[in-house]
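Residues per chain are reported as follows:
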Amino acid sequence: MAEITCRCNMSILGLKKKQPKTFKVKVMTMDAEMEFSCEVKWKGKDLFDLVCRTIGLRETWFFGLRYMVKDTYAWLKPDKRVLDQDVPKDSPITFHFLAKFFPEKVEDELVQEITQHLFFLQVKKQILDEEIFCSPEASVLLASYAVQAKYGDYDPNFHKPGFLAQDELLPKRVLMQYQMTPDMWEEKITAWYAEHRGIARDEAEMEYLKIAQDLDMYGVSYFSITQNKRDTELLLGVDAQGLHIYSPNSKLNPNKSFPWSGIRNISYSEKEFTIKPLEKKKDVFKFYSSQLRVNKLILQLCIGNHDLFMRRRKVDSIEVQQMKAQAKEEKARKKMERQILAREKQMREDAERAKEEMERRLFQLQDEARMANEALLRSEETADLLAEKAQIAEEEAKLLAHKAAEAEQERQRLEVAAIKTKEEKRLMEQKMREAEQLAVKLVEQSERRSKEADHLKQDLNEAKDAERRAKQKLLEISKTTYQAAPACAGPPVSPDSDASADGSFLRMDFKDSDMKRLSMEIERERLEYMERSKHLQDQLKELKSEIESLKLEEQQQAGLYTLLTEPRPYTEPAYLPHSNVSDGQISPRPPEHTHTHRAAAGVPSQPSPDCSCFIKQMKVLFFFFSLRALLFVSCSSDATLLPGN
């Protein structure tokens, strides 16, 4: 057991001696942080290769590890141990993995996607930090490509207003230059962003770098220098094209440039830096830097940029060719994958649209079904209501039919009444004609009686004259007889003379009896005529009252008939009452049922033209008869008074 314990302790001590000493390193890229445990003997190239292998970078000639030394920065040298350089003594030691050299044309030199991505992130940060000047228009366009690289295609349903509020996309100088709200800037960026639909992330980043490489300050490293004569402060710019001399206040337009193809030699001696042109006729340009470390850094950047400049003018190495071929294949593969993905996305969008359309159609059909059910319920309710209305209408139709039948019966009755009225009118006309004939007869009779009265009056006058003459002759004869009798004492009267005297007295008595008889006959006829005239006046009064009643009944019957036959106008014939004419007497017979019906209906009517004409004729006849009767009565009175004279 003791031997085993000793052996274990010895083995542990041997392992401790064999384990190398390490130190901690933190490497920060543009989008990640990595920590490594490095051996003390590692050189800068060992750490750099470890970082490149970790992130999968093969285009290593563009990048380097930068660290801060006091108030400036330096790049880790690949051929020198890490701890032997002026790195910070912190633990872990912090390095920034950044692009040290920039390509002339990004689309031709940047092969790997990771290389493009790292350049994109670094250039974007330099623009936002205002290390590279960019105009507002170019800033908005670059921001739209950055949004496309981050969010993909624009979708208004997903990318609502305000989705860029947390993203830093524009330099502060641009934001302060214009009085615009963040929403207004977002609207401008979104307008460009919507036009980049279908661009992949690597393509959007490459478009970003294509625009950025045309900026004046792209890929330029600036250093403060002074000239040897007047001690003028200047700026030295080192980029992929060469060396440039700037004024301190202008980093955009160089005062003087030295392209790599025109430089023969670059060297420094402590703080003095010398640039020898390729043409010997040109003057050597010398300047001074503030520190020796700055001259070393400038020389290091000049050597690296010049090597890349010369490398670009040569045929690509096998490694670069393989990388380009692999990148080409990778791009083709990704392009195919993007196409497949785009097709699948399109198919998915089509399927989603079809689904949405089907759902919309389903909702529409459900709405239509619901509306149809509601319409069906309403139609059923309407059908029930219509059935009730139909039943009510049927009952009303029956009632109307019954009323129509009653109206038809009333119409037929009125037609019959009209026919009767026509018949009564005809009889009334006939009665009127008979009355006219009777009146004519009465007039003729009155005239004849008048003539007879005149003749009788004349005969009476003649009889009175004859009687007066006879009385005179009788008086004369009597006087003559009485006078002759005493004087002559004549002979006795003979029988013949007595007989003649008796005869004359008889004639006188006969004439007196005829006169009395005639007077009595005339008086009797006058009384008869007076009675007949009075009877005729009574008949005329009755006829007038009958005409008035017929007129009222005529008006009522016309109004009722008009109301009953309103849908089809009907002109009711004039009503004429029935009448009988017999033996010169007028017997009126008014239609009592029609009068009763009209009075009950209370319907006024207008007299017909025939009835008005008939009334006028009867008034004329009445006036004529009255005049004739008065004349006849006056004549008869005169004739009666004659015998008493």
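Residues numbered from 1 in each chain as written. Predicted model: local features only at pLDDT ≥ 70, side-chain atom pairs only at ≥ 80, totals over all residues. Heavy atoms only, no water.

Whenever I open this one, the packing of helix α5 (residues 136-151) against helix α8 (residues 201-212) confuses me. Can you help?
Between two packed helices, both the angle of their axes relative to each other and the distance between the axes serve to describe the pair. The contact between α5 and α8 brings their axes to 8 Å, and the two run at 160 degrees. Compared by their axis directions, α5 and α8 come out roughly antiparallel. As for how α5 packs across α8, the hand of that crossing is left-handed. Along its contact with α5, which presents Leu 141, Leu 142, Tyr 145, Ala 146, Gln 148 and Ala 149, the element α8 presents Arg 201, Ala 204, Glu 205, Glu 207, Tyr 208, Ile 211 and Ala 212. In terms of residue class, the contact of α5 with α8 is made up of 9 nonpolar, 1 polar and 3 charged. (Axes fitted to C-alpha atoms, helices over the stretch in contact; angles between N-to-C directions. Helix = DSSP H or I, 4+ residues; strand = E, 2+ residues; numbered from the N terminus. Parallel < 35°, antiparallel > 145°, perpendicular 65-115°, else oblique. Left-handed = near helix turned anticlockwise from the far one by under 90°. Contact = heavy atoms within 4.5 Å. Nonpolar A, V, L, I, M, F, W, Y, C, P; charged D, E, K, R; others polar.)

Can you walk me through the sheet that holds strand β8 (residues 242-246) in this structure?
Strand pairs in the sheet, formed through backbone hydrogen bonds, run parallel or antiparallel to each other. Strand order in this open sheet of 7 strands is β9-β8-β7-β6-β12-β11-β10, and the pairing throughout is antiparallel. Since the sheet does not close on itself, it has two edges, and those belong to β9 (256-259) and β10 (263-269), each with one partner. When the angles between neighbouring strand axes are averaged without regard to direction, this sheet yields 30 degrees. Looking at chain direction, β8 and β9 are connected through 4 bridges and run antiparallel. By the bridge assignment, Leu 243 is partnered in β9 with Phe 258. (Pairing = 2+ DSSP bridges.)

How should I be thinking about the pattern of salt bridges in this particular structure?
Pairs can form between side chains of opposite charge once their charged atoms are near each other. Tallied over the entire structure, the rule returns 28 salt bridges. Here Glu 423 and Arg 426 are joined by a salt bridge, their closest N and O atoms 1.9 Å apart. One end of the pair, Glu 423, and the other, Arg 426, are both in helix α10 (residues 318-488), 3 residues apart, so they sit about a helical turn from each other. The class for Glu 423 is partly exposed, based on a relative accessible area of 32%. Taking relative accessible area as the criterion, Arg 426 reaches 40% and is therefore assigned partly exposed. Residues joined in a network through salt bridges with shared partners are Glu 104, Glu 109, Arg 312 and Arg 313. (Salt bridge = Lys/Arg side-chain N within 4 Å of Asp/Glu carboxyl O. Buried < 20%, exposed > 50% of the residue type's maximum accessible area, 1.4 Å probe, protein only.)

Quick question: what am I supposed to make of helix α4 (residues 113-128) here?
Think of an α-helix as 3.6 residues a turn; residues three or four steps apart then line up on the same face. Compared with the 22 Å implied by 1.5 Å per residue over 16 residues, the 22 Å span of α4 between its first and last C-alpha is a close match. Turning to α4, its buried residues are Thr 115, Gln 116, His 117, Leu 118, Phe 119, Phe 120, Leu 121, Gln 122, Val 123, Gln 126, Ile 127 and Leu 128. (Expected span 1.5 Å × (residues − 1).)

For this particular structure, what's the right way to read the confidence of the model for the chain?
Segments scoring low in pLDDT should not have their predicted coordinates read at a detailed level. Per-chain confidence: the chain averages 77 in pLDDT, with 77% of residues scoring 70 or above. For the stretch residues 1-18, pLDDT sits under 50, and the model shows 0 contacts to residues farther than four places along the chain or on other chains. When the criterion is pLDDT under 50, residues 637-645 qualifies, and its contacts beyond four places in sequence or with other chains add up to 12 contacts. (pLDDT = per-residue confidence, 0-100.)

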